[in-house]
Structure formats: structure tokens, C-alpha cells
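Spelled out, the chains give:
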Amino acid sequence: MRGTRVWKRSARLQQAARLLGPSATGAFASHFSPMPPRPATDAYRAAFRPSEDFAAPHVIQAMHVIVGETQEEAAELALPVLYLLTHFMRDGSTPLLTPDEVRATGFTARDASGPMAMLLIHGDGASVRRKMERILEVSGADEPLVMTLCHCPEARLRSYRLLAEAFDVAPRASAAA
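Thresholds applied
Residues numbered from 1 in each chain as written. Predicted model: local features only at pLDDT ≥ 70, side-chain atom pairs only at ≥ 80, totals over all residues. Heavy atoms only, no water. Helix = DSSP H or I, 4+ residues; strand = E, 2+ residues; numbered from the N terminus. Contact = heavy atoms within 4.5 Å. Areas by Shrake-Rupley, 256 points an atom, 1.4 Å probe, with all protein chains shown as cover. Buried < 20%, exposed > 50% of the residue type's maximum accessible area, 1.4 Å probe, protein only. Arc of directions from axis to C-beta. Core = buried A, V, L, I, M, F, W, Y, C linked by side-chain atoms within 4.5 Å. Salt bridge = Lys/Arg side-chain N within 4 Å of Asp/Glu carboxyl O.

Peer 1: Hey, could you run me through the overall build of the protein chain in this one?
Peer 2: Counting its regular elements, the protein chain contains eight helices and five strands. When its helices and strands are written in sequence order, the protein chain yields β-α-β-α-β-α-α-α-β-α-β-α-α. Restricting to contacts in the protein chain with at least 6 residues of sequence separation, those with at least 24 account for 67%. Element-wise, carbon and sulfur atoms account for 56% of the exposed surface of the protein chain, whose accessible area totals about 9700 Å².

Peer 1: Just checking my understanding: could you explain helix H2 (residues 37-47) for this structure?
Peer 2: Owing to its 3.6 residues per turn, the α-helix aligns residues three or four sequence positions apart on the same side. Within H2, the full set of buried residues consists of Pro 37, Ala 40, Thr 41 and Tyr 44. Down the axis, H2 shows its buried residues gathered within 100 degrees of arc, on one side only.

Peer 1: How should the nonpolar core be read in this particular structure?
Peer 2: For soluble globular proteins, nonpolar side chains are generally found buried alongside one another. One finds Ile 66, Leu 82, Leu 85, Val 102, Phe 107 and Leu 120 to be the most contacted residues of the largest nonpolar core, which totals 18 residues. Looking at this core, the elements with two or more residues in it are helix H3 (71-91) and helix H5 (115-118). Tallying contributions element by element places H3 first for this core, with eight residues. In this structure, Val 102 is in contact with Leu 79, Pro 80, Tyr 83, Leu 97 and Phe 107, ignoring residues within four places of it in sequence.

Peer 1: I tried to follow the pattern of salt bridges on my own but got confused; where do I start?
Peer 2: Between side chains of opposite charge, a pair can form as their charged atoms come close. Inspection of the entire model under this criterion finds nine salt bridges. The residue Arg 134 makes a salt bridge to Glu 137 at a minimum N-O spacing of 3.0 Å. You can see Arg 134 and its partner Glu 137 sitting in helix H6 (residues 125-139), three residues apart, about one turn around the helix. The class of Arg 134 is partly exposed, set by a relative accessible area of 47%. Accessibility expressed as a relative area gives 55% for Glu 137, which makes it exposed. Taken together, the shared-partner salt bridges connect Glu 69, Glu 73 and Arg 158 into one network.

Geometric descriptors of this kind do not, in isolation, establish any biological role.
See the structure below:
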């Protein structure tokens, strides 16, 4: 297995120690799992055994994040995602609509329900950073893995750029071109 990085993820506590240990990097899928991540993180760290590939345990916390210039812009971008996640839990598959299409259905952010919709992190850069840092602190994770779903690719890329700015991460030369 030398040279191969093994990554495993878990959304269920009872799977955490079995799937994430004893010598791999673990990722907890809190972008869709309402289970508190800390017990899974602790179980993984307790079961971890150093290996040739991994000297120490390393936990990645997956999060669903949308960043806007303002709270209002982030709420606008989040509306179609909240609609999708709410309907996905009830009906299975549903298309990702534009904010205007969602509003035409009568759906509002107050109608959002289900664990996946409740786990969506959205806001301006500073508020999202605070929320993400708190989640990492509570979960005991070493780093975040960010997933962003938006109704158009430009909005998703802009969200990633705003998130990078919020964390003072400079773009790579190839990404900036």
C-alpha cells in the first residue's frame, strides 16, 4: 500500500472505529449526517495505529458551505439548495432551481427542513469562518473539506473565492489565471 493514500469517511458512529481505523485518514460527513461528529472522531483516534503511510491520525470534517459578500447574498444563494435538500429528503431526486424558480413555488428559507438542510452553513465570509472553526473545534477534526452547491458555476466559484479570502488563503497561480 506504500504510496497509496487511504481515505475513509463515516456518517454513522457505529462504523467510525471499524471504517476509520486503525491506520487511515478519516473524514466525517457532517454535510449530510446529523450525528455529532466528536464521538466518531474520538473512536477513530482511539483505534488509530501508526503505519508506514500514516504516522498520526488525521480527521477531515466535511461541510456544506455557501459564502456571499453579505448575509443577504448568501441567503439568496442558499435558497435553492435549501429547497433541494428539503425535497430530496422527502421526495428523493429534485432539480437544482434558480432562486427565482424556488420563490415561484412559494418556498421560503423558513420552510427548509430535514437534517441536510439544517446542516448547510451559509453567510458572509466572517460568519462562515466562525461557524466552520466552531465545528472543527467541537468535532476535534484537523481540517475542513468544503462542498458547495449553487445554482450556477459562477456563484459556486465566487463562494469558494470568498471562503478563501475569509481564511486568508491566497489562490494558486494556476487558479488565479
